[in-house]
Amino acid sequence: MPENHVEPKDRSAARSLLRLWPYVKPVRIRLFGAAGVAVVASCLGLVIPLVLKWIVDGPVAHHDPGGVWLGALYLLLLGIAEALLFGLRRWMVARPLAGVEASMRADLYRHLQRLPVAFHDRWASGQLLSRGTTDLMLLRMFLAFPLTFLLVNATTILAGFIILLVQQWTLGLVLLAPVVPLVILCSVFETKYALVARKAQDQVGDLTTVVEESVLGIRIIKGFGRHRSQALAFHGLSQRLRGTELDKARLLAGIWAFITTIPELAIGAALVLGTIQVADGDLSAGTLVAFLSTALALRWPVESIGFLLAMSQESATATERFFEVMDVAEEHETAGDVSAEPSGTDGMVFEGVEFRYPDAEAGSVPVLTRIDLRIRPGETMALVGATGSGKTTLTALVPRLHDATAGRITLDGVDITDMPRERLRKLVSVAFEEPTLFSATVGENVLMGAEGAGEDDLRRALSIAQADFVHDLPQGVDTQVGEQGLSLSGGQRQRLALARAVVGQPRFLVLDDPLSALDVHTETLVEAALRRVLESTTAVVVAHRPSTVMLADRVALLSEGRISAVGTHQELLRSNAEYAWLMSGAESSLSAEPTAYEAAEDTLAAYVSGDGARAMDVPAEEGSAR
Ligand SMILES: Nc1ncnc2c1ncn2[C@@H]1O[C@H](COP(=O)(O)OP(=O)(O)O)[C@@H](O)[C@H]1O
Ligand SMILES: [Mg+2]
């Protein structure tokens with residue numbers, strides 16, 4: 001399991017919840033105002049027994065029906081005032097708290113955008129999703145309800161006990177007796193509940209991950225008839241969550257049983273003692289009525305404490321889960337030598353580059369070792385290697401999706417770690433193996449590749465990528481694509497991704513196998529167009545087929561994380577057995593898969609990318625569907 005399953009350590013709920021202060025601060029006046037209103041409303045409830053006492057000892061004792069009616073009117077007014085005040089409280093907190101939730105969610109999203117790729121590699125997306133939804137909703141509810149009512153109930157109980165003790169201190173003490181065992185029980189409950197609450201919330205995250213994966217991978221699930229096993233896996237997880245929720249309910253039921261019974265017993269005892277005192281003439285009937293109704297009025301504030309504590313515990317957990325993500329450092333900007341302008345004479349240079357994934361075991365062989373490579377200005381270098389040799393990893397280092405663990409990469413003489421990321425990413429354009437489109441129009445998806453690019457750039461990029469199919473879409477470049485729009489075939493998406501990479505006319509271009517999903521005919525067209533782009537840029541192109549390799553001036557062969565040969569296609573074909581082997585096998589399958597397992601994996605990948613057509617030997621263009 002990834003480390004997002006943090007064992008709840010020794011921590012206090014209050015300390016966790018205090019971290020919410022920066023978000024609550026802007027609405028503090030309203031929130032505390034509302035709490036004040038609630039305290040007043042709740043304490044008004046305590047006046048009711050005093051009016052009762054006045055009715056019993058006054059009008060009732062003196063047989064004065066008018067006085068009784070007057071007392072009833074007072075009671076009615078008090079009840080109405082209490083209800084109105086609680087309504088006012090609700091109105092006061094609703095809007096500001098929705099704002100708090102929204103701003104926390106926006107912060108989380110913004111932070112997620114800035115976290116390094118390594119973070120996203122490590123964290124399950126469902127865990128992030130559940131933190132951004134369920135956990136934040138819990139926090140809003142906490143601020144609206146338990147936070148206020150813990151305060152309100154504490155004040156009410158305190159005021160109530162003072163009234164009780166003033167009325168008849170001996171009876172008051174009888175009621176106070178259960179406080180000590182209850183406090184102990186509550187603290188035991190809290191510790192236990194914290195553990196289960198954390199477990200439940202993590203399990204919700206796991207469940208979210210499964211749902212998300214199966215929605216994204218629905219083609220694979222259906223294609224391989226896995227819906228039953230997938231449903232079973234889901235059932236298993238949801239049973240686990242159900243078990244945890246039942247544990248929570250059991251704990252809550254347990255504490256609730258004590259919290260309700262113990263005070264009832266105390267009230268019973270007080271009733272017996274009080275009745276004896278009234279019979280002996282030591283106490284007025286009115287005082288006993290007032291005493292008991294005060295005690296009964298305090299029942300709800302006391303009973304609700306277990307429930308409020310449980311909610312606070314869950315909110316503390318939600319806060320922790322929120323800050324676990326927020327506390328991860330964003331991609332740090334090295335205060336580099338910004339003044340160093342690329343001179344335009346050095347091209348792209350890898351010097352002794354070594355890379356190991358952050359989650360790799362210490363002491364394992366690095367994915368890339370001693371990469372020394374110089375791509376001259378304007379040159380195109382093809383990167384060839386077997387599956388798993390590290391080609392994708394190498395291309396990810398240039399835009400700094402990961403940072404090299406040793407050595408350096410320079411662009412026109414400037415170390416990429418000395419450049420502000422924003423500038424680096426303007427200088428370098430990338431197209432990845434998996435062409436991702438967002439829920440936006442075709443035009444917006446392509447123009448994402450460069451800030452400030454206009455209509456002309458869009459047209460040029462689409463024509464370079466041979467993406468003319470765009471003009472046949474229902475609304476041309478304004479057609480919605482992505483999850484919420486038209487589905488495109490893998491080949492179509494690759495061409496849009498390519499257009500996105502070239503739209504800003506970047507100085508450096510990094511293409512990770514950009515033509516893999518194209519049919520042979522389209523590939524030739526794209527290659528012809530690409531040739532024009534590559535003339536003016538310094539580029540690295542991961543390639544599998546001789547036809548793509550031909551676009552490059554030179555070829556670097558990557559085997560097991562090392563550059564084992566550099567030269568022209570012809571030179572390497574003659575002198576390097578591995579290269580010749582890779583290229584000869586390349587015509588029949590797209591990449592040189594040494595094992596059947598990896599071949600199957602590639603078919604899967606084709607399915608994942610929505611390009612089921614290719615996997616079934618149907619021209620890619622047929623694969624489009626809504
Ligand atoms: N995010 C990652 N975390 C850990 N290991 C990875 C990650 N991505 C790839 N690898 C490993 O790095 C090696 C090289 O992968 P990759 O660069 O994708 O190869 P290629 O693109 O040449 O097929 C593989 O052994 C792969 O298992
Ligand atoms: Mg790859």
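The structure presented is a predicted model; accordingly, all values stated were derived computationally and were not measured. Going along each chain's sequence as written, the residues are numbered from 1 onward. Here the convention is simple: chains get letters from A, ligands get numbers from 1, in the order in which they are written. Local features are withheld for residues below a pLDDT of 70 in this predicted model, meaning they are given only at 70 or higher, and side-chain atom pairs are given and counted only at 80 or more; totals for whole chains, interfaces and linings count all residues. Values reported for side chains reflect all heavy atoms of the structure, with hydrogen atoms and water molecules removed beforehand.

A. Representation of the sheet that holds strand E1 (residues 348–355). The strand order across the open sheet formed by four strands is E2-E1-E4-E5, and the pairing between neighbours is antiparallel. The outermost strands of the open sheet, each flanked by one partner alone, are strand E2 (368–375) and strand E5 (414–415). Examined bridge by bridge, E1 and strand E4 (residues 406–411) share five bridges and lie antiparallel to one another. Bridge assignment links Glu351 to a residue of E4, and that residue is Arg408. Strands qualify as paired when DSSP identifies two bridges or more between them. Each helix is a run of DSSP H or I of at least 4 residues and each strand a run of E of at least 2, with the numbering of both proceeding from the N terminus.

B. Region of interest: the nonpolar core. Among the buried residues, those of types Ala, Val, Leu, Ile, Met, Phe, Trp, Tyr and Cys that are joined through side-chain atoms within 4.5 Å form a nonpolar core. The classification of residues rests on relative accessible area computed with a 1.4 Å probe and restricted to protein chains. Under 20% of the type maximum is buried, over 50% is exposed, and intermediate values are partly exposed. Residues Val446, Leu462, Leu488, Leu496, Leu509, Leu511 and Leu530 are the most contacted members of the largest nonpolar core, which totals 36 residues. Secondary-structure elements contributing two or more residues to this core are helix H16 (442–447), helix H17 (455–464), helix H18 (490–502), strand E9 (508–512), helix H19 (520–536) and strand E10 (538–542). Contacts were defined at the residue level, with two residues in contact if any of their heavy atoms lie within 4.5 Å. Setting aside residues up to four positions removed in sequence, Leu462 forms contacts with Val446, Ala467, Asp468, Val470, Val477, Leu496 and Ala499. Of all hydrophobic cores here, the second largest spans 31 residues; its members include Met92, Leu112, Ala316 and Phe322.

C. Broad picture of the packing of aromatic side chains. Each aromatic pair joins two rings of Phe, Tyr and Trp (for Trp, the six-membered one) with centres within 6.5 Å, and gets the label stacked for planes under 30 degrees apart, edge-to-face for over 60, and tilted for any other angle. One pass over the full model with this rule turns up eleven aromatic pairs. Centroid distance Phe322 to Phe323: 5.0 Å. Interplanar angle 85°. Geometry classified as edge-to-face. Classification of Phe322 by relative accessible area gives buried; the value is 0%. Judged by relative accessible area, which is 10%, Phe323 ranks as buried. Among the aromatic side chains, those forming a connected cluster through ring pairs are Phe86, Phe145, Phe149, Trp256 and Phe307. Distance and angle both matter: a charge sits over a ring if NZ of Lys or CZ of Arg is within 6 Å of the ring centre and within 35 degrees of the ring normal. In this structure, Arg19 packs its charged tip against the face of Phe323, placed 4.0 Å from the ring centre. Above the face of the Trp91 ring, Arg30 is positioned so that its terminal group lies 5.2 Å from the ring centre.

D. Inspection of the sheet that holds E9 at higher detail. Reading across from one edge, E6-E9-E10-E3-E11-E12 is the order of the six strands in this open sheet, with mixed pairing throughout. The open sheet is flanked by strand E6 (428–431) and strand E12 (562–567), the only strands paired with a single partner. Put simply, the sheet's adjacent strands are angled 20° from each other on average, direction ignored. Pairing analysis gives four bridges linking E6 to E9, with the strands arranged parallel. Counted as the bridge partner of Val428 is Phe508 from E9. Axes here refer to lines fitted to C-alpha atoms; in helices the fit is confined to the stretch in contact. Angles between the N-to-C directions go from 0 to 180 degrees.

E. Focus on the site of ligand 1. Proximity is defined per residue: if any heavy atom of the residue lies within 4 Å of a molecule or strand, that residue is considered near it. By nearness alone, every residue bordering ligand 1 is listed as Asp121, Tyr357, Asp359, Val367, Ala386, Thr387, Gly388, Ser389, Gly390, Lys391, Thr392 and Thr393. Contact between ligand 1 and Gly388: an oxygen atom at 2.8 Å from a main-chain N or O atom of the residue. Take Thr392: an N or O atom from its side chain is 2.6 Å from an oxygen atom of ligand 1. Relative to its unbound accessible surface of 560 Å², ligand 1 loses 62% to contact with the protein. Under this definition, polar contacts are N or O atom pairs within 3.5 Å; protein pairs additionally need one hydrogen-donor-capable and one acceptor-capable atom, and for neighbouring residues in sequence, both atoms have to be side-chain atoms. Note on areas: Shrake-Rupley with a 1.4 Å probe; residue coverage comes only from the protein chains shown.

F. Region of interest: the packing of helix H11 (residues 227–279) against helix H13 (residues 299–326). At a minimum axis separation of 9 Å, H11 and H13 run at an interaxial angle of 160°. Classified by the angle their axes make, H11 and H13 are roughly antiparallel. You can see that H11 and H13 cross each other, and the crossing is right-handed. Taking contact as the criterion, the partners of Lys248, Leu252, Trp256, Ile259, Thr260, Pro263, Glu264 and Ile267 in H11 are, on H13, Arg299, Val302, Glu303, Gly306, Phe307, Ala310 and Glu314. Each residue belonging to the contact of H11 with H13 can be placed in one class, and the counts come to eight nonpolar, two polar and five charged. For this classification, under 35 degrees means roughly parallel, over 145 means roughly antiparallel, 65 to 115 means roughly perpendicular, and everything else is oblique. Throughout, a crossing is termed right-handed when the near helix is turned clockwise from the far one, and left-handed when it is turned anticlockwise from it by less than a right angle. Three categories are distinguished: nonpolar for Ala, Val, Leu, Ile, Met, Phe, Trp, Tyr, Cys and Pro, charged for Asp, Glu, Lys and Arg, and polar for the others, with Gly belonging to the last.

G. Summary view of the environment of Gly160. Residue placement: Gly160 occurs in helix H7 (residues 146–167). Gly160 sits 138 residues away from Leu298 along the chain, and the two C-alpha atoms are 6.8 Å apart. The contacts of Gly160, once residues within four sequence positions are left out, are Leu46, Thr294 and Leu298.

H. Quick peek at H13. Between its first and last C-alpha atoms H13 spans 40 Å; for 28 residues at 1.5 Å apiece the expected length is 40 Å, and the two agree. To obtain the bend at a residue, axes are fitted to the seven residues ending there and to the seven starting there, and the angle between these axes is taken. By the largest-angle criterion, Ile305 marks the main kink of H13, which is about 35°. Of all 28 residues making up H13, 24 are buried, and the element is well covered by its neighbours. What a helix is expected to span follows from its residue count: subtract one and scale by 1.5 Å.

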